[in-house]
Structures are given as structure tokens and as C-alpha cells.
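This is what each chain is made of:
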Amino acid sequence: MDVYLLTLVLFSIGIYCIVRKRNVIKTIIGVIILEYAVNLFFILSAYRTEGRAPIFMQEEEIVNMVDPLPHALVLTAIVIGLATTALLVGIAMRLYEKYGTFDITKIKELKG
Amino acid sequence: MTASSIIPLFVAIPLAGAFITPLIGKKVKWAPDVIGNSLTFVLAVLSIFSVMMVSSSGTIVYSVGGWMPPVGIAMVLDGLTSFMLVTVNLLAFIIAVFSVNYMEKFTSKAKFYCLFLLMLAGMNGVLISGDMFNLFVFLEIASVASYALVAFGTERYELEAAFKYAIMGTVGSLFVLLGIVFLYSYTSTLNMADMAQVLMQKGGGNIVLMVSALFIMGFGLKAALVPFHAWLPDAHPSAPAPISAMLSGVLIKSLGVYALCRIFFNVIGMTADISSILMFLGALSMVVGVFLAIGQWDFKRLLAYHSISQIGYVVLGIGLGTPLGIFGGLFHLFNHSVFKSLLFLDSGAVEYSAGTRDLKKMGGLAEKMPVTGTTSLIASMSIAGVPPFNGFWSKLIIIIALVQAGRHGYAFWAVVASVLTLASFAKVMKYAFFDKLKEQLKQIKEVPIFMKLSMSALALICLFGGLLLVGAVKIDFLDKATDVLLEGTKYAAIVFKGIG
């Protein structure tokens, strides 16, 4: 149970970072933390008590194994996260070139 | 070669195009235009073909890699999917034609068409996917491509809008992923049809409520329903005009409204609570969107706020859940994608010729740009609900459905929003097209041929859109889509019957 609560804490930190931080880079780090919280939760949901790695071997019988599917899915989610992060950092670099600052309170020309 | 093998083509063709375009595009100047237009044309034809296939042989399921669902990934083609495929691919083709001339002023056409086709692949993937996680992957493909496209001009405001959009979009996608995690750990399956069956046997509980809330947040953000709409008025006007048309016309619908409907109607099962939440969000977006729109002076920003408002109509109609309400909602979805794309293309044409988006700096453009003036008059009348254009019929159906269901309050607000829409487009037409011609605008010329062609094509669809309500077209195109949502969680049984 504690582990689940810890992922919740991580999730909340991520949300806090995105909502409250003014620095563009810190906002991006918030997104990354949020992503990791969700991925960790996905892995945790696959765990079975006393489970072992789901590797099939001829001579032994598997009684209790963890669910292998979420691991594969999380890999996909991580790759998607990488693409998003790369794009976000790319945009942040261009923003810095144009505005000369990472402070989002100074980057607001769009209003109304 | 069975009938089902055309289903993966909707993803494979644009993905292949997105791969080839930047490779060839650097060497051969005309290649990106030809590849982009011919591929979207092929897709549009295929999508119309898919409607005919669904009407002749019912729901078709393609098993990816020969692995049978529910273990393998399924791609499902049914009435709603083929309806959305026609909307998306037809619009994509017309917008690609428009881009031939419009994108000349940007430096890299190859990159533009690469991202455009990637976004199209993602949207088509969301539509045909019968697998929960697959839906998420395609959703992210389309979203990431659209973040990049919003920033395509790399000017100050474009970058700012793209950053905002990317952060909020990513958070929305993560909520969707979290919802999928909960659903998977509850049902131990990812196939949508199988999931619906397991949920029916196990019954809903708190976890289903939690998942519903996460999906409403996630997909609501993609659909720009009102509490989650903050990114749209920045992102849509900042993109190049064809992309604004794509985003407002089809992206928010295929990623937002379609996914919301598919999951709530066919997987989780519609309840009275969810229906009233959707209706409330819809009505709120409808009214707030139009109030915010009426005071805008930036042409594209005004249109973006109207997108929020019109999406409200669609969600209100579909959320009502009666056959007529769903029918009206889906019909309005199609109509909105046509006239809103046309309006964004018109604003692009004005920007192309007159070089401004500020309504106060325009005036009398109808004299110099007859095609743009006429088409935007048609589109404005459609969006405001003036008969006989297509927007009138769908709004009328939604309002009749609301009155029939005894929801007179919502019907009243729908009428009010429609009147305010008319007022704000009267303002656009007066300031931009009918007023006296300004001195500095004497030199401008009408836009090139391809832009005229695509705008005229969309205007024709606006004019004759009402004809979709009669005859065989209605039965094959709109009724089939309505039936899919009405059959609810019986979807599972239908999909399993269609495997083959």
C-alpha cells in the first residue's frame, strides 16, 4: 500500500510543478515527473504478491508470476514520453532565443 | 485479400507518406505537394469506399498480425468509424489542396507535409483502433505532430502557444493513460469489446467512476470543453491556416469527441449521471465560447472561440443520448468540420493577400477577393444556422431533440448561443468584407487557383449539406453511425461476431 501512496505523492509533485513553477524548464521537469508517476503506477499494477519473472522454462512449473503485459506497454509509454520531452525542450530552446528568458510570466503576448 | 485488409491502409498510407516525403522532398521540389495531395486523395476515396463496405457487410474486424482478438490487437470498422473516416480524410484532402499555394511562404514544405501526414495517421489510427492502448498510442502520435505544427512558423507567439498547448496536451494524455491503467487492472484486458463484456459481468464500482472522471478530463481537454479549453484560443490561431483548419475541423473531434463517445457509449456504458455531466459541459462550452468570441478582433481567434462553442453543441446533442439527439450531434460534427475549416481557410486567404488578421484593419475585401468573400459569407451563414445551409439543419435537429426530451432550459441556451453566433459573424462580415475598401488595401489580389478551388469545394458542401438528410445517403452515412452509439455495450457482441 505504501508504494501506491508514494506514486500518488510523486504524481502530486508533478502536478504542483506544472501548475506553480514559473520557469519553463521546471515546468518540463514537472511533466517528466508526472509521466514517471503514471509509468510507475502501471508497473505496480502488474505486480502479484510473491510473484516471479514471467519467463517460461521447460523443467519448472510456474505457480505465481507477475503480469508481463504492462512492462511492454510502459516501454511504449516511455518512448512516447521521450518524443514529447524532446519536442518540449526544443520549443523551450527556441523560446529562449526569442525572449531571452525562461520566465513564463514574461512570455505572455497572447491574451484575451 | 479479404475485405478487412483495407482497414490498416488508413494508417499505413499516411505513415509511409510521412516517411518518404522528407527523404525525397529535399531533392525534388514538387514532390511534397504531389505526395501529400495524392495520398490524401487516395485516403478520401478509400474512406468513402469504407462506408459502402460497412453498409453491405456490417462491422468488419481486422486482426493485426493474425493474432485473434482479444489477445491480439483489433482494428474495427463500423458505422461510426467510417462516418468519422470520411469526415477526417475528405477534409484532409481539401486542406492539402489549399496548402499547395498557401505553404509557399514557409520555408520547408517537405517537413510540413511530413507532420501533416503523421497527424493524419494518428487521427485515422484513433478512429479505427479497437484496442485501448493502441488508441492511446495513436492519440499521442496525432498530438505530438500537432504540437510541432502549431509551432511551425517559429515566431514568438507561435512558440508560446505551442508550449502551452504541448504542456496541457501532455497532461491530458497522461490522464487518459492513467484511466487506461485503472481499466486494465480492473478488467485484465485491453481489447475494447472484451473490456465491455468484462465490465458488464463485473458491474461498475468506484473504480469505474474514477476512470470516467479521468477520461472526461483527458478527452475533454483534447476536445476543448469549457473548463479545459484554455489552450485552444492560443493554439488554433497561431498555427498556419491549413493546420488551424485541420485542428479545429477534425483534430478536436477525432481525438476528443469521438474517443469520448466510443468509450462512454460502447465500453463503459452510458449512465444517466455521465449523460447529465456531458450535457452540462456541452451547454457550458456552447455559451461561454460564444460570449468570449463576440468581443474578439483577431479573425482567427474569434473563429477559435467559436470552435469551443460549436463543440458544445455536438457534445450536448450526443450527451442527450436519445436517437434524435445523437443523430443531430453527429450531423453537426460533420457540418462543423466543413464550415469551420472553410472559415479558417478564408482567414488564411485574407492573411495571404492582405497580410493581416485584425478585423479593424480590413474592410471591403469582398470587392477585391470575390471568391473568398462569397465562400466566407456562405460559411458564416452556415455556422450561424441560417437556412438552407447545413448548419441550420443540424442545429434544428439538436434543438428539436432537446425539446422532445423535455430539456427546455438547454434548448433555450442552444437558441441563445445560435443568435449570438449570428451576431458575431455579422460583425466579421461587416468589418472584413462589406465595409468601405481601405486605402492601403487597394493593391491586393485574389488568392491563387488551388486555394480558390478548395474553398469553393467546401462552400459547395456547406450549400448542399442538407441533402445528407434524405435518401440512401442518410441511411448509410448518418444512421449507421447513430446506431453504433445507440447499441451501447452490445458493441462487444457485434465486434466478436465480426472477427474473421
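Just so we're clear, the structure is a prediction, and the values are computed from it rather than from any experiment.

Scoring rules and cut-offs
- Throughout, residues of each chain are indexed from 1 in the direction in which the sequence is written.
- Chains carry letters from A onward and ligands carry numbers from 1 onward, assigned in written order.
- Restriction of local features to residues with pLDDT of at least 70 applies here, the model being predicted, together with a cutoff of 80 or more for giving and counting side-chain atom pairs; totals for whole chains, interfaces and linings are based on all residues.
- The basis for every side-chain value is the complete set of non-hydrogen atoms in the structure, without hydrogens or water.
- Each helix is a run of H or I in the DSSP string that is no shorter than four residues. Each strand is a run of E no shorter than two, and both are numbered from the N terminus.
- For the radius of gyration, the atoms used are the C-alpha atoms, and the globule rule reads 2.2 Å times the number of residues raised to 0.38.
- In this scheme, a residue with accessible area under 20% of its type's maximum is buried, one over 50% is exposed, and one in between is partly exposed, where area comes from a 1.4 Å probe on protein chains only.
- By definition, residues are in contact when any of their heavy atoms lie within 4.5 Å.
- Computed by Shrake-Rupley with a 1.4 Å probe, the accessible areas treat only the displayed protein chains as cover when residues are assessed.
- Between the first and last residue of a helix there are one fewer steps than residues, each counted as 1.5 Å, and that sum is the expected span.
- Think of a salt bridge as a Lys or Arg side-chain nitrogen and an Asp or Glu carboxyl oxygen that are within 4 Å of each other.
- Pairing between two strands requires that DSSP report at least two bridges joining them.
- What gets called buried area is simply the loss in accessible area from a 1.4 Å probe that two parts show on being joined, summed for both.
- As used in this structure description, the phrase polar contact means that two N or O atoms lie within 3.5 Å; if the pair is within protein, one of them must be able to donate a hydrogen and the other to accept it, and residues adjacent in sequence are counted only when both atoms belong to side chains.
- Nine residue types can take part in a nonpolar core, namely buried Ala, Val, Leu, Ile, Met, Phe, Trp, Tyr and Cys, and a core is a set of them joined through side-chain atoms within 4.5 Å.
- An axis is simply a line fitted to the C-alpha atoms; with a helix, the fit covers only the stretch in contact. Between two such axes, the angle follows the N-to-C directions and lies from 0 to 180 degrees.
- Any angle that falls under 35 degrees is termed roughly parallel, while one over 145 is termed roughly antiparallel, one within 65 to 115 roughly perpendicular, and all others oblique.
- Note on convention: the crossing is left-handed when the near helix lies turned anticlockwise from the far helix by less than a right angle, right-handed when the turn is clockwise.
- Put simply, Ala, Val, Leu, Ile, Met, Phe, Trp, Tyr, Cys and Pro go in the nonpolar bin, Asp, Glu, Lys and Arg in the charged bin, and everything else, Gly too, in the polar bin.

1. Thoughts on the overall build of chain B
- Summing up its helical and strand segments, chain B has 20 helices and two strands in all.
- The C-alpha atoms of chain B give 21 Å as radius of gyration, which agrees with the globular expectation for 500 residues (23 Å, within 12%).
- If one aligns the C-alpha atoms of chain B with their principal axes, the spans along those axes are about 70 × 60 × 45 Å.
- Scored against the burial criterion, the 500 residues of chain B give a buried share of 66%.
- Considering only contacts in chain B between residues 6 or more positions apart, those separated by 24 or more positions represent 81%.
- Total accessible area on chain B stands at roughly 16,200 Å², and carbon and sulfur atoms take up 70% of it.

2. Comments concerning helix H6 (residues 156–187) of chain B
Residues and elements named next belong to chain B.
- Taking 1.5 Å per residue, 32 residues should reach 46 Å; H6 reaches 46 Å between its end C-alpha atoms and fits that length.
- Counting buried positions along H6 yields 27 of 32 residues, so the element is predominantly enclosed.
- A positive backbone phi angle near 55 degrees is found at Ser188, which sits one or two residues after H6.

3. Looking at the pattern of salt bridges
Residue and element names in this part refer to chain B.
- As enumerated under the stated definition, the model contains nine salt bridges over all chains in all.
- Asp33 is the salt-bridge partner of Lys109, the closest N and O atoms lying 2.7 Å from each other. Here Asp33 lies in helix H2 (residues 31–57) and Lys109 lies in helix H4 (residues 109–128), a separation of 76 residues in the sequence. As far as burial versus exposure is concerned, Lys109 and Asp33 are alike and both buried.
- A salt bridge links Asp298 to Arg357; the nearest nitrogen and oxygen atoms lie 3.0 Å apart.

4. Observations regarding the environment of Ser454(B)
Residue and element names in this part refer to chain B.
- The residue Ser454 is located in helix H18 (residues 449–464) in this model.
- C-alpha separation for the pair Ser454 and Val97, spaced 357 residues apart in sequence, amounts to 6.3 Å.
- Residue contacts for Ser454: discarding those within four places in its chain leaves Ile94, Val97, Phe98 and Leu345.

5. Considering the pairing of strand E2 (residues 74–77) of chain B
Residue and element names in this part refer to chain B.
- Burial of the side chains of E2 extends over both faces: Ala74 and Val76 are buried on one face and Met75 and Leu77 on the other.
- Where strand E1 (residues 60–63) meets E2, four bridges bridge the pair, whose relative direction is antiparallel. From the neighbouring strand, Tyr62 faces E2, where its bridge partner is Met75.

6. Here we look at the interface of chain A and chain B
- Contacts between chain A and chain B engage 35 residues on the former and 33 residues on the latter.
- With both sides pooled, the region where chain A packs onto chain B buries about 3,200 Å², and carbon together with sulfur makes up 78% of that total.
- Summed over the shared surface of chain A and chain B, the result is zero salt bridges.
- One can count three residue pairs in polar contact (both at pLDDT 80 or more) joining chain A with chain B.

7. With respect to the nonpolar core
Residue and element names in this part refer to chain B.
- Core analysis: the largest hydrophobic core is formed by 206 residues, its most contacted members being Phe83, Met123, Met132, Phe215, Phe219, Met246 and Val257.
- Each residue touching Phe215, except ones within four places of it in the same chain, is listed here: Met132, Val176, Gly179, Ile180, Leu183, Gly220, Leu260, Ile263, Phe264 and Ile268.
- Residues Ala283, Tyr313, Leu402 and Tyr410 belong to the second largest nonpolar core, which totals 17 residues.

8. With respect to unusual backbone geometry
Residue and element names in this part refer to chain B.
- In this chain, Pro69 is followed by Pro70 through a cis amide linkage whose omega measures 10 degrees.
- Secondary-structure assignment places Pro70 in the loop between E1 and E2.
- Residue Pro388 is bonded to the preceding Pro387 through a cis peptide linkage, with omega at 5 degrees.
- For Pro388, the location among the structural elements is in the loop between helix H15 (370–384) and helix H16 (390–404).
- Residues other than glycine seldom take positive phi values, yet Ser188 does so here, at roughly 55 degrees.

9. Topic: the side chain of Ser173(B)
- Among the secondary structure elements, Ser173(B) is positioned in helix H6.
- The exposure class of Ser173(B) is buried, given its relative accessible area of 1%.

10. Quick notes on the packing of helix H12 (residues 299–320) of chain B against helix H17 (residues 408–434) of chain B
Residue and element names in this part refer to chain B.
- H17 packs onto H12 with a crossing angle of 160 degrees between their chain directions and a minimal axis gap of 11 Å. Taken together, the axes of H12 and H17 lie roughly antiparallel to each other. Note on packing geometry: the crossing formed by H12 with H17 is left-handed. From H12, Phe299, Leu302, Leu303, His306, Gln310, Tyr313 and Leu316 reach across to H17, where they touch Tyr410, Ala414, Ala417, Ser418, Thr421, Ser424, Phe425, Lys427 and Val428.
- By residue class, the composition of the contact of H12 with H17 is 10 nonpolar, five polar and one charged.

11. Concerning H4(B)
Residue and element names in this part refer to chain B.
- Look at H4: 28 Å from first C-alpha to last across 20 residues, which is about the 28 Å you get at 1.5 Å a residue.
- Most of H4 is tucked away: 18 of the 20 residues are buried.
- You can read the cap of H4 off the contacts: a side-chain oxygen lies 3.3 Å from the backbone nitrogen of Lys111, and it is on Ser108.

12. Examining the environment of Val250(B)
Residues and elements named next belong to chain B.
- Residue placement: Val250 occurs in helix H10 (residues 241–268).
- Judged by relative accessible area, Val250 falls into the buried class, the value being 2%.
- With 87 residues separating them in the primary sequence, Val250 and Ser337 have C-alpha atoms 6.0 Å apart.
- What Val250 contacts, discounting residues up to four positions off in sequence, is Thr87, Val88, Leu91, Met123, Ala245 and Ser337.

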